[in-house]
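Structural description and commentary
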Number of protein chains: 2
Amino acid sequence: MRILLKVAYDGTSYCGFQVQPDAITVEGTLKTAVEGLLNSMGIVTPVELIGASRTDSGVHALGNVVVFDADIRMDAGRVAHALNTRLPDDIRIVGSVQVPDDFHPRKTDCIKTYEYRIWHSEFENPKERLYSTHLYGKLDIDAMRAAAAFIPGEKDFSSFCGAGSQAESHVRDVKSVEIITERAGAEGCAAQKSGANGRADSCTAPGVVTIRVKGTGFLYNMVRIIAGTLIEVGQGKKSPEDVKRIIDAKDRTLAGPTAPAKGLTLVGIEYPEARG
Amino acid sequence: MRILLKVAYDGTSYCGFQVQPDAITVEGTLKTAVEGLLNSMGIVTPVELIGASRTDSGVHALGNVVVFDADIRMDAGRVAHALNTRLPDDIRIVGSVQVPDDFHPRKTDCIKTYEYRIWHSEFENPKERLYSTHLYGKLDIDAMRAAAAFIPGEKDFSSFCGAGSQAESHVRDVKSVEIITERAGAEGCAAQKSGANGRADSCTAPGVVTIRVKGTGFLYNMVRIIAGTLIEVGQGKKSPEDVKRIIDAKDRTLAGPTAPAKGLTLVGIEYPEARG
C-alpha cells in the first residue's frame, strides 16, 4: 500500500529537503524514521520516499507531502503518530493517509501555497528571527499589491527562475499573489497617517507582512525571487509596472534579488482530484 | 544620565532573566554588552542594571524594560543600535530613551501585558514548538471566556501564586483577561459546527489560542497558573464558576497547574505617568 505523509518542519537546522551525501536533510531524517518503523514491524528496507517539493536549505514547511510504499499492518492514520516518536521535534508528521498505488506527488495536479514572511520594524524580533526576513524603512504595501496583480496567470516566468534550474519549460500557472499585513496596534498607523508624509501605505508600526503565493508549480527559487522583487517595489526601487515589464522580458537579471530562505514556508499542497 | 532599554528576547536558551552565578541569563548577557559598550567609551564599570520583570527560564519577551546609569556621550536613541552589535541574535534592544534619574522600573506605576500562547491541533507545529504549548482535544473557548471574566479586579490572588513567592501582599490589580483565537481557515470551524456536536466552541481546526492578561503587577508564576486554570476550564475539567470559587478560597491547590514557560511572552510594559 502507498502511504501519504503530510510533513511540517522548521528548516533552520537542515540542508534542505532532498537527500544528500554527508548532509542532514529533512528527507534523509524522514527516511531513517520510516525505515526504523518498518524494520520494527519486520519489513525489509531500504524504502524509497517520493517528496512533492524539494525545499531549499532553511526553508520551512507546514504541509509538504511525501509518499512511500509498504505492506504495513497498521491503520494508515496511525502512521503519523508512530513516526513522530522516531523524529526530532523540528520535524512532525501532521497527517497520514492511504492513497492509490499510482499516486505520485509530483506528477499529480496540485495547488501549492507558499508564504514569504517579513518582519517590518526598526528592530529585529528574536522570536521572528528564524522564520522571517527583517526589513526596516519604507514598504509601500499598496505598490506591492499593485505589482503582485501583474503576476498571476499561465506565463513564462524565466525572469523569476533561479540559476541552477533544470526545468525544460519555464511556463508556470500562478493562481494568486496576496500581500497580508498584521500590525501591532492600529494606533501606530494612525499616528503615521497624520504625520508629515500623510500616506497610509508608509505606515511603519512594527508588524508582519506576508506575501502568499499560490500556483500549480514553481521554478527553482521562484517564490523567493517574487518576494525579493515585490520587496524592491515596496521600497520604491521598482514601480509596479516594472514587474509587468520584468515578466515580459523573460530575463532573470531584471528581477529583484532572491529573498533569504528563512522567510519562506511551504504552507500546503492540495490535490483536488486525488481528494475527490 | 539614566537610560531605559526596551528588551526583546527568545528565552529558550536562557536560565531566566535575573543574574545567577554559573548560569547564562538575559540580564547577565545584557550586563556584559552594556559594560562592553561603556568600556569602549572609557567609562569605568561595573554597572548596575535594574530590570522591570524577572521572567522565568524559557519565558520570552517583546518588551521587558531595563535601566542603567552612565554618563554616556551618545544620543540615548542610538544606544539600542550600539548594544545590538554586542548581543546574540536571540536578544535585541528594541528601543532606548533617557528617563529621569529617579525613574525605577519596578517602583513606577505600570501596566504589564503578557500573552500565553497555545497551539491547538492534533499534531505539534515545529515552528510553534518553542513559543507555545501544544494541546489537542476539547477546548471550549466560550467557557474559557466566561471563566476569564471572573479574574479582573483588585483581589487577593493567593490561589494563583506559585510556591517560592516572596511577596508580602498577594493583592494584585488585574485589568483584563482576553482569549483570542486564530484558526487556519474558517472552513474547519464551519464543518465542525454542522457536525454531530453542533457547537461552535468545539471547533478543532488547527490554530493558535492566545490568553492575553493585563495588570499592574503579577505574583510569582501567576500568569502561567491563570493559563493552566483556564486551559482546564476549556478542557471541561473545571467550570467557569469554579474559577470564581478558586479565587475566593485563596488556596493555590485548588487552581490548575502552572502552564509550561515556553508559551509565555511578556509583550510590553507601559508607564502611563512616565510617558506624560
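Please refer to the structure higher up on the page.
Quick summary incoming for the structure in this document.

Cut-off values and rules
- Residues numbered from 1 in each chain as written.
- Chains lettered and ligands numbered in written order.
- Predicted model: local features only at pLDDT ≥ 70, side-chain atom pairs only at ≥ 80, totals over all residues.
- Heavy atoms only, no water.
- Helix = DSSP H or I, 4+ residues; strand = E, 2+ residues; numbered from the N terminus.
- Buried < 20%, exposed > 50% of the residue type's maximum accessible area, 1.4 Å probe, protein only.
- Areas by Shrake-Rupley, 256 points an atom, 1.4 Å probe, with all protein chains shown as cover.
- Lys, Arg positive; Asp, Glu negative; His and termini not counted.
- Charge placed at Lys NZ, Arg CZ, Asp CG, Glu CD.
- Least-squares fit on C-alpha atoms with pLDDT ≥ 70 in both.
- Contact = heavy atoms within 4.5 Å.
- Phe/Tyr/Trp six-rings, centres within 6.5 Å; stacked < 30°, edge-to-face > 60°.

**Points about the overall build of chain A**
Each helix and strand in chain A was counted, giving 7 helices and 10 strands. With respect to the principal axes defined by its C-alpha atoms, chain A has extents near 70 × 40 × 40 Å. Burial statistics for chain A: of 276 residues in total, 52% are counted as buried. Put simply, chain A shows about 12,400 Å² of open surface, and 48% of that area lies on carbon and sulfur atoms. Measuring between centres, the 33 positive side-chain charges of chain A sit 2 Å from its 35 negative side-chain charges.

**Things to note about the relation of the copies chain B and chain A**
Turning chain B through 180 degrees and shifting it by 0.0 Å along the axis lays it on chain A, with an RMSD of 0.0 Å. Taken together, these values place the two copies in the relation of a two-fold axis. For chain B, the minimum C-alpha distance to the rotation axis belongs to Lys127(B) and amounts to 5.1 Å. When the interface residues of chain B are mapped onto chain A, 100% of them again fall at the interface, so both copies present the same face.

**Topic: the side chain of Lys238(B)**
Within the secondary structure, Lys238(B) sits in the loop between α5 (222-234) and α6 (240-249). If near-sequence neighbours (up to four positions away) are discounted, Lys238(B) is found in contact with Thr229(B), Glu232(B), Val233(B), Ile246(B), Leu254(B), Ala255(B) and Gly256(B).

**Some points on the packing of aromatic side chains**
Counted according to the given criterion, the structure contains 9 aromatic pairs over all chains. Seen from their ring centres, Tyr114(A) and Phe218(A) are 5.5 Å apart, and the 85 degrees between their planes marks the pair as edge-to-face. With Tyr114(A) in strand β5 (residues 111-120) and Phe218(A) in the loop between β9 (207-215) and α5 (222-234), the pair connects residues that are 104 residues apart, well separated along the chain. The buried category is assigned to Tyr114(A), whose relative accessible area is 9%. Aromatic side chains Phe157(B) and Phe160(B) sit 6.1 Å apart centroid to centroid with 15 degrees between the ring planes, which places their arrangement in the stacked category.

In short, shape yes, function no, at least from these values alone.
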